[in-house]
Amino acid sequence: MRDHQPQPVSLQQARRLFAPWLDAPAIVLAVSGGPDSVAMMWLAARWRRALKRGPALHVVTVDHRLRPASAQEARAVKKLAGELGLPHRTLRWTDDKPSSGVPAAAREARYALLAKAARRAGASHVFTAHTRDDQAETVLMRLSRGSGITGLCAMAPQTERDGIMLARPLLEIAKADLIATLDKAAIDFAVDPSNSDPRFTRPRLRRLMVELAEEGCDAPNLARLAQRLRRADQALQLMAEGAERFLALTGADPRDRRGGWDAQGFAALPAEIQLRLLLRWLDRVGIEGPAELGKAEALLAELTEAIAASGKPGAPRMRRTLAGALVTLDRGRLRVEPAPPRRQSGRGGCTTS
Ligand SMILES: Nc1ncnc2c1ncn2[C@@H]1O[C@H](COP(=O)(O)OP(=O)(O)OP(=O)(O)O)[C@@H](O)[C@H]1O
């Protein structure tokens with residue numbers, strides 16, 4: 001294992017990290033009171049002060065009211081934001097809490113509140129303080145669920161939600177460096193006990209990572225894997241778009257009853273591109289949300305066999321439903337259409353989903 005010697009993040013480094021957002025009109029900093037987001041607030045405030053121009057910064061804390069200390073933590077963030085000359089708002093999660101899946105519901109509510117706060121502040125972006133360690137944990141979590149290439153890309157540096165860009169400027173920074181930054185500046189932060197509660201997956205993975213790191217499977221390597229896969233994923237996505245335009249030349253779009261793609265042309269594409277096209281059309285046409293990767297792979301394997309056999313006499317037609325879409329192979333044409341409504345009883349016999 002290569003030991004990482006924690007280093008405070010310098011102003012010069014902060015300038016490089018935040019530079020892509022220099023021309024944003026305003027930015028909401030999502031600050032929970034934990035070390036990562038407090039360090040982000042401190043660094044962004046120094047960056048903004050040194051610039052003497054750039055986006056207006058607004059600090060927002062969401063009080064989920066799940067722990068007795070949460071209101072006090074929000075007040076501590078407000079106090080520090082004030083000392084740094086930044087406006088601060090606390091938004092409370094007032095919805096009824098679900099009986100299960102509280103962390104996921106809290107996350108969903110948090111992002112909705114942050115997007116609302118951004119719109120109100122005229123901000124184009126919300127910054128969260130996800131670190132390289134969070135990225136590595138996400139990769140491990142996805143690995144343990146058998147994710148494919150796209151899933152293993154883990155968190156993107158920037159994504160869009162409800163017209164607001166969610167940016168993660170610290171995704172390449174080690175958590176230990178952010179803590180060293182706060183230590184050096186003598187700034188206090190909150191410690192959320194649920195971050196080490198073994199009932200949750202992430203804390204368990206965090207513990208596991210200490211052992212994995214001994215074998216070289218450490219946060220820098222896992223985060224690097226995510227970065228490399230993101231590059232590959234983007235390239236494959238472009239190839240899939242090109243292949244789709246090419247297939248469109250061989251027939252109408254796959255929803256068209258009289259058209260559809262030329263099945264042999266589809267089968268000649270690399271398997272990964274076929275899979276991406278299938279997933280894309282299932283998503284566009286189906287009404288049940290994205291198809292599961294494993295199910296789409298199984299369907300593609302069946303299609304590949306059926307297309308190979310389709311030139312032979314007596315080759316059967318193929319009809320399968322998945323994720324609310326109907327995939328058919330008939331007389332050399334491949335179609336993906338909305339699935340007809342399901343029959344209440346009886347044996348349909350052609351359902352893959
Ligand atoms: N209650 C909250 N209010 C505002 N922003 C939050 C809140 N919880 C999380 N965030 C944002 O989402 C990011 C990731 O959340 P996560 O739960 O992983 O971090 P955390 O445990 O709150 O600690 P830290 O602040 O050290 O990241 C945070 O860095 C922060 O930017």
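The structure presented is a predicted model; accordingly, all values stated were derived computationally and were not measured.

(A) Broad picture of the UniProt feature "binding site: ATP" (unreviewed entry) in the chain. As annotated by UniProt and renumbered to match this structure, "binding site: ATP" (unreviewed entry) occupies Ser32, Gly33, Gly34, Pro35, Asp36 and Ser37. At 3.1 Å, the side chain of Ser32 forms a polar contact with the backbone nitrogen of Gly34. Summarising the element assignment, Pro35 is placed in helix α2 (residues 35–51). In contact with Pro35, other than residues within four places in its own chain, are Lys175, Ile179, Leu182, Phe189 and Ala190.

(B) Representation of the nonpolar core in the model. Counting 33 residues, the largest nonpolar core has Leu29, Met41, Val59, Leu86 and Phe127 as its most contacted members. When contributions to this core are tallied by element, the ones reaching two or more residues are α1 (11–18), β1 (26–30), α2, β2 (56–63), α3 (70–83) and α7 (175–185). Considering each element in turn, this core owes the most residues, nine residues, to α2. When residues no more than four places from it in sequence are discounted, the contact partners of Leu86 are Leu29, Met41, Ala45, Leu57, Val59 and Ala81.

(C) Representation of the environment of Pro20 in the model. With respect to the helices, strands and loops of the structure, Pro20 is situated in the loop between α1 and β1. Separated by 149 residues in the primary sequence, Pro20 and Pro169 have C-alpha atoms spaced 9.0 Å apart.

(D) Highlighting the site of the ligand. Of all residues adjacent to the ligand, which total 16 residues, the nearest are Ala30, Ser32, Asp36, Ser37 and Val62. One of the backbone nitrogen or oxygen atoms of Ala30 is found 2.6 Å away from an oxygen atom of the ligand. In the environment of the ligand, an oxygen atom lies 2.7 Å from a nitrogen or oxygen atom belonging to the backbone of Asp36. Across the complex, the protein chains shield 85% of the 560 Å² of accessible surface that the ligand would expose by itself. Here the shell around the ligand is built from residues that sort into six nonpolar, eight polar and two charged.

(E) Local environment of the UniProt feature "domain: tRNA(Ile)-lysidine/2-thiocytidine synthase N-terminal" (unreviewed entry) in the chain. When the UniProt feature table is mapped onto this chain, "domain: tRNA(Ile)-lysidine/2-thiocytidine synthase N-terminal" (unreviewed entry) is found at residues 27–207. Secondary structure content for residues 27–207 is 48% helix and 15% strand, while the C-alpha to C-alpha distance between its ends is 34 Å.

(F) How the structure looks around the side chain of Arg168. By the secondary structure assignment, Arg168 is in the loop between β6 (164–167) and α7. No salt bridge is formed by the buried Arg168; its nearest oppositely charged neighbour, Asp134, is found at 8.3 Å. The residues contacting Arg168, other than those within four sequence positions of it, are Thr128, His130, Met155, Ala156, Pro157 and Thr159.

(G) Just the sheet that holds β6, in detail. The six strands are arranged β3-β2-β1-β4-β6-β5 in an open sheet whose pairing can be described as mixed. For this open sheet the edge positions go to β3 (88–92) and β5 (158–161), each flanked by a neighbour on one side alone. Going from strand to strand, the sheet's axes swing by 30° on average, the running direction of each strand aside. Summarising the sheet, β1 and β2 pair through five bridges and their orientation is parallel.

(H) Main features of a positive patch on the surface. Taken together, the side chains of Arg65, Arg75, Lys78, Arg92 and Lys97 make up a positively charged region of the molecular surface. Tracing the chain through its elements places Lys78 in helix α3. On the basis of relative accessible area, Lys78 is assigned to the partly exposed category, the value being 40%.

(I) Here's a closer look at the domain arrangement of the chain. Each assigned domain of the chain is listed with its residue range as follows: domain 1 (11–227) and domain 2 (251–338). For domain 1 and domain 2, the distance between their C-alpha centres works out to 40 Å.

(J) Broad picture of the pairing of β2. Buried residues dominate β2, accounting for six of its eight residues. After leaving β1, the chain enters α2 and then returns to the sheet as β2, a path that is right-handed. Direction of pairing for β2 relative to β3: parallel, over a ladder of five bridges. Residue pairing across strands places Val62 opposite Leu91, the latter belonging to β3. Considered for its hand, the β-α-β crossover made up of β2, α3 and β3 is right-handed.

(K) Representation of helix α8 (residues 201–214). For α8, which comprises 14 residues, the first-to-last C-alpha distance of 21 Å matches the rise-based estimate of 20 Å (1.5 Å per residue) to within 8%. Within α8, the axis deviates most sharply at Leu208, by approximately 25°. Taken as a whole, α8 has its buried residues at Pro203, Leu205, Met209 and Ala213. Residues of α8 that are buried sit in contact with α5 (132–144) and α9 (219–250). With its phi angle positive at about 95°, Gly216 sits one or two positions after the end of α8.

(L) Here's a closer look at the packing of α1 against α2. It is at 9 Å that the axes of α1 and α2 come closest, and there the two elements cross at 90°. Classified by the angle their axes make, α1 and α2 are roughly perpendicular. Facing Leu11, Ala14, Arg15 and Phe18 of α1, the residues of α2 in contact are Met40, Leu43, Ala44, Arg46, Trp47 and Ala50. A per-class count over the contact of α1 with α2 returns eight nonpolar, no polar and two charged.

Parameters at a glance
- Residues numbered from 1 in each chain as written.
- Predicted model: local features only at pLDDT ≥ 70, side-chain atom pairs only at ≥ 80, totals over all residues.
- Heavy atoms only, no water.
- UniProt positions renumbered as here; feature names shortened; annotations may be inferred.
- Polar contact = N/O pair within 3.5 Å; in protein donor to acceptor, adjacent residues only side chain to side chain.
- Helix = DSSP H or I, 4+ residues; strand = E, 2+ residues; numbered from the N terminus.
- Contact = heavy atoms within 4.5 Å.
- Core = buried A, V, L, I, M, F, W, Y, C linked by side-chain atoms within 4.5 Å.
- Buried < 20%, exposed > 50% of the residue type's maximum accessible area, 1.4 Å probe, protein only.
- Near = heavy atom within 4 Å.
- Areas by Shrake-Rupley, 256 points an atom, 1.4 Å probe, with all protein chains shown as cover.
- Nonpolar A, V, L, I, M, F, W, Y, C, P; charged D, E, K, R; others polar.
- Lys, Arg positive; Asp, Glu negative; His and termini not counted.
- Salt bridge = Lys/Arg side-chain N within 4 Å of Asp/Glu carboxyl O.
- Pairing = 2+ DSSP bridges.
- Axes fitted to C-alpha atoms, helices over the stretch in contact; angles between N-to-C directions.
- Patch = residues over 30% accessible without salt bridge, like charges linked within 9 Å, V, L, I, M, F, W, Y side chains within 5 Å.
- Charge placed at Lys NZ, Arg CZ, Asp CG, Glu CD.
- Domains from an automatic or database assignment.
- Right-handed = clockwise from strand over helix to strand, strands pointing away.
- Expected span 1.5 Å × (residues − 1).
- Bend = angle between axes of the 7 residues up to and from the residue.
- Parallel < 35°, antiparallel > 145°, perpendicular 65-115°, else oblique.

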